[in-house]
Amino acid sequence: MLCTRCGACCVAPDIAALDKPLGVRCPHLGDDVLCKIYERRPEVCRSYAADSFCERIAASTLHERVTRYLAAFGLEEEARAAAGTRSMRAARRLVVLG
């Protein structure tokens, strides 16, 4: 499957190599939904491959794709808690009550 460049994988998951919290937009994701450091991106980003999950969360907006991604894994509450943090390490210290 080819990547549709939807941007969900640059927002929804946490990315330790970039210290990016869950549900927080990667600082390297441009307004055009393309990676601004594509040639220097971490290995975790390089090795990511689009699959049927990408089709499953397809939607017309980035926000909706991210919402569907987080819902598929039951991570909505954790992402809401992490929204105000600047780093993954800070987000991991939060207590999420479910």
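One can find the structure itself at the top, above this paragraph.
Residues numbered from 1 in each chain as written. Predicted model: local features only at pLDDT ≥ 70, side-chain atom pairs only at ≥ 80, totals over all residues. Heavy atoms only, no water.

Visitor: What is the right way to read the nonpolar core from this model?
Guide: One broad rule of soluble globular proteins: the nonpolar side chains tend to lie buried together. Core analysis: the biggest nonpolar cluster contains 14 residues, and Val-66, Tyr-69 and Leu-70 have the highest contact counts within it. Residue contributions to this core peak at four residues, all from helix H3 (residues 62-72). Those residues in contact with Leu-70 that sit more than four places away from it in its chain are Ala-12, Leu-22, Gly-23, Leu-75, Glu-76 and Ala-79. (Core = buried A, V, L, I, M, F, W, Y, C linked by side-chain atoms within 4.5 Å. Buried < 20%, exposed > 50% of the residue type's maximum accessible area, 1.4 Å probe, protein only. Helix = DSSP H or I, 4+ residues; strand = E, 2+ residues; numbered from the N terminus. Contact = heavy atoms within 4.5 Å.)

Visitor: Help me out: how do you make sense of the layout of surface pockets in this one?
Guide: The rolling of a water-molecule-sized probe over the atoms marks out the regions of remaining empty space. There is about 800 Å³ of room inside the largest pocket. Cys-3, Cys-9, Cys-10, Cys-45 and Tyr-48 are the residues nearest the centre of the largest pocket, which is lined by 34 residues in total. Only helix H1 (43-47) and helix H2 (52-56) provide two or more residues apiece to the lining of the largest pocket. Looking at the lining of the largest pocket element by element, the count peaks at three residues for H1. For the lining of the largest pocket, the residue count by class is 27 nonpolar, three polar and four charged. Here the second largest pocket defines a volume of roughly 220 Å³. (1 Å grid on protein atoms, 1.4 Å probe; cavity = no way out; pocket = protein on both sides within 12 Å on 5 of 7 lines; lining within 4 Å. Points joined across faces, edges and corners; volume = space filled by probe spheres on them. Nonpolar A, V, L, I, M, F, W, Y, C, P; charged D, E, K, R; others polar.)

Visitor: What am I meant to see in unusual backbone geometry here?
Guide: Most of the time, phi is negative for any residue but glycine, and the peptide bond is trans. Even without a glycine there, the phi angle at Arg-5 is positive, about 60 degrees. Here Arg-5 shows up in the segment before H1. Looking at Arg-5, the relative accessible area reads 60%, which means it is exposed. Phi is positive for Val-33, close to 60 degrees, though the residue is something other than glycine. Secondary-structure assignment places Val-33 in the segment before H1.

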